[in-house]
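Chains, contacts and geometry: an overview
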Amino acid sequence: MTSRRDFFKYAGIAGGAVAASAVSRVAMAALPEPVIQTSPNTMAPLVPNSGRTYNPVVTLNGWTLPWRMNQGVKEFHLVSEPVVREMAPGFKAHLWGYNGQSPGPTIEVVEGDRVRIFVTNKLPEHTSIHWHGQRLPNGMDGVAGLNQPAIPTGKTFVYEFVARRPGTFMYHPHADEMTQMAMGMMGFWVTHPKVKNPLIDEVQRDFCFLLNAYDIDPGSYTPKIMTMLDFNLWSWNSRIFPGIDSLNVRLNDKVRIRVGNLTMTNHPIHLHGHEFLVTGTDGGPTPKSTRWYEVTTDVAVGQMRQIEFLADEEGDWAFHCHKSHHTMNAMGHNVPTLIGVDHRGVAKKINNLIPDYMVMGERGMADMAEMEMPIPDNTAPMMTGEGPFGSVEMGGMFSVLKVRRDQKPGDYSNPGWFKHPKGTVAHEYTGPLAEPARFKSEGGQSMPRSQKPAIPTEVKVRKPSSSHDNH
Ligand SMILES: [Cu+2]
């Protein structure tokens, strides 16, 4: 919680304690005290203590903003401000966000609620908030210049509307968006159904997070805002693996995960061990006739996808973006593939000049995960995360769904690594190895080629190439 002094600061009232006597009780009560959160840990779900009840969501490495009821209106106070976000242990980024964090807190309301949101701008430039996906009066839509004047530095604006349809939404600035979203300004919004909705099932666990991306040079703290495609940090709620918390559930829980994409590219989100249904989009719950089982769903830019499944397989299941570059942290992309290139002679020669010189990549990039390479301060390792069997060799958009028989209902704490029943883990084969038998037809004898190439050609895939800049 913020202090009283901060409240006056945020409320734009100068002087803190001095001003307290000068400010009337009415003025003090005019807007709710902003709640500031600086921990990057996943906070326990915020069980509503006023208004209609619902099963609250859990924001991965985030939290839900408390509100106050004021004559039947749910009042929230968002503060747009520079923040320091720990993106992974040992790696901090200087971002912009809301109420001490990037992304901002999740806002949870119930269909039909009248909502009033105070937005105080503590950024060095003007801002606004667009309530992505909501039905609302045009003047509340938050596009600076089009629907409202931008909120100047130091000023507080008020948005007010009724949360008309249940679903999953996002919020973000619609003023100097390129800068402000590249700096981490965004948040999640969930509107729970007022009454039982035939298209919205009850679930035991309801998780949400935003996909976001940053371009922060190794050793620096502030994102480069002009980057359009070649981001080097692919994050969930401004966290990168192994800094992203696991999704901990009880065996046979029905689980919902809501994912919003505010990056500049699409993300095929993939779950291991279970099939899921896409039960909702930005437009609300999907008709049942449109649902089919999948293990990967693509979330395009500006979209939201809500997936649901029965967690009926015990274990530690990977859950990640399937673009392999998005499960890597800060890396230079201009590194040619060196697999199969023998560096020994070269390295020896260079070592005579530079004793610490080492080569990377000649056996693939896995060595990088274990190699103790000197890196600048405040740099996320490219891929890391120690699992029960060694390095996971992942970074970025990667987490783990932990399904446990003995996880208590409503307990979101991390149960540790899965203890596999005896004989259920892939292991080394130690018997005799036969010579591989080749198909007789191999080489095209069954359908002989009429024209053979004059010179046999061998093709090697070279990736990542130094020429691409699009993932
Ligand atoms: Cu991705």
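First, a word on what this report is: a plain description of the structure on this page. (Residues numbered from 1 in each chain as written. Predicted model: local features only at pLDDT ≥ 70, side-chain atom pairs only at ≥ 80, totals over all residues. Heavy atoms only, no water.)

1. Considering the pattern of salt bridges
Counted under the stated rule, the structure contains 18 salt bridges. Here Glu 75 makes a salt bridge to Arg 116, at a shortest N to O gap of 2.5 Å. Taken together, the residues Glu 75 in strand E3 (residues 73-88) and Arg 116 in strand E6 (residues 114-121) connect sequence positions 41 residues apart. Just as Glu 75 is buried, Arg 116 falls in that class too. Lys 224 is the salt-bridge partner of Asp 215, the closest N and O atoms lying 3.9 Å from each other. (Salt bridge = Lys/Arg side-chain N within 4 Å of Asp/Glu carboxyl O. Helix = DSSP H or I, 4+ residues; strand = E, 2+ residues; numbered from the N terminus. Buried < 20%, exposed > 50% of the residue type's maximum accessible area, 1.4 Å probe, protein only.)

2. A short note on the sheet that holds strand E18 (residues 296-299)
One open sheet holds the five strands; their spatial order is E13-E23-E20-E15-E18, and the pairing between them is mixed. Strand pairing shows two members of the sheet lacking a second neighbour, strand E13 (247-250) and E18, which therefore form its edges. Adjacent strand axes in the sheet meet at a mean angle of 20 degrees when their direction is disregarded. Two elements, strand E15 (residues 267-271) and strand E20 (residues 315-321), share three bridges in a ladder whose sense is antiparallel. Following the sheet pairing, His 270 is matched in E20 by His 320. (Pairing = 2+ DSSP bridges. Axes fitted to C-alpha atoms, helices over the stretch in contact; angles between N-to-C directions.)

3. Some words on the pairing of E18
Side-chain alternation along E18 places Thr 297 and Val 299 on a buried face and Thr 296 and Asp 298 on a face that remains uncovered. Here E15 runs beside E18; their pairing, made up of four bridges, is antiparallel. Bridge pairing in E18 links His 267 to Val 299.

4. Section: unusual backbone geometry
Following Ser 102, the chain continues to Pro 103 via a peptide bond in cis, the omega torsion being -5 degrees. Within the fold, Pro 103 resides in the loop between strand E4 (91-98) and strand E5 (107-110). Each neighbour pair has its own omega, and for Phe 241 with Pro 242 the value is 5 degrees, a cis peptide bond. When you line up the elements, Pro 242 lands in the loop between strand E12 (233-236) and E13. One non-glycine residue, Ser 238, lies in positive phi territory at about 55 degrees. Residue classification places Ser 238 among the buried residues on the basis of a relative accessible area of 0%.

5. What to know about the coordination of the copper ion
Looking at the copper ion, the protein donor atoms are His 267 (ND1), Cys 321 (SG) and His 326 (ND1), and they sit 2.0 Å from it. Counting the intervening residues between successive donors of the copper ion yields the motif H-x53-C-x4-H. Here His 267, found in strand E15, pairs with His 326, found in the loop between E20 and helix H5 (344-353); they are 59 residues apart in sequence, far enough to count as distant. Side by side, His 267 and His 326 carry an identical accessibility label, which is buried. (Donors = N, O, S within 2.8 Å, 3.2 Å for Na, K, Ca; no water.)

6. Overview of the packing of aromatic side chains
Under the defined criterion, the tally for this structure stands at twelve aromatic pairs. On the basis of an interplanar angle of 25 degrees and a centroid distance of 5.6 Å, the ring pair of Phe 161 and Trp 189 is categorised as stacked. Here the residue Phe 161 occupies a position in strand E8 (residues 156-162), and Trp 189 occupies one in strand E10 (residues 187-192), the gap between them amounting to 28 residues. Considered together, Phe 161 and Trp 189 belong to a single accessibility category, that of buried residues. Taken together, Tyr 98, Trp 131, Tyr 159, Phe 161, Tyr 171 and Trp 189 form an aromatic cluster joined through their ring pairs. Its end group placed over the ring of Trp 67, Lys 74 keeps NZ or CZ at 4.6 Å from the ring centre. Positioned above the aromatic ring of Trp 417, the side-chain terminus of Lys 402 is 4.4 Å from the ring centre. (Phe/Tyr/Trp six-rings, centres within 6.5 Å; stacked < 30°, edge-to-face > 60°. Lys NZ or Arg CZ within 6 Å of the ring centre and 35° of its normal.)

7. Brief notes about the environment of Gly 184
Within the secondary structure layout, Gly 184 lies in the loop between helix H4 (177-182) and E10. On a C-alpha basis, the gap between Gly 184 and Gln 101 in space is 9.0 Å, while along the polypeptide they are 83 residues apart. Residues within four places of Gly 184 in sequence aside, it is in contact with Trp 96, Gly 97, Ser 102, Pro 103 and Tyr 214. (Contact = heavy atoms within 4.5 Å.)

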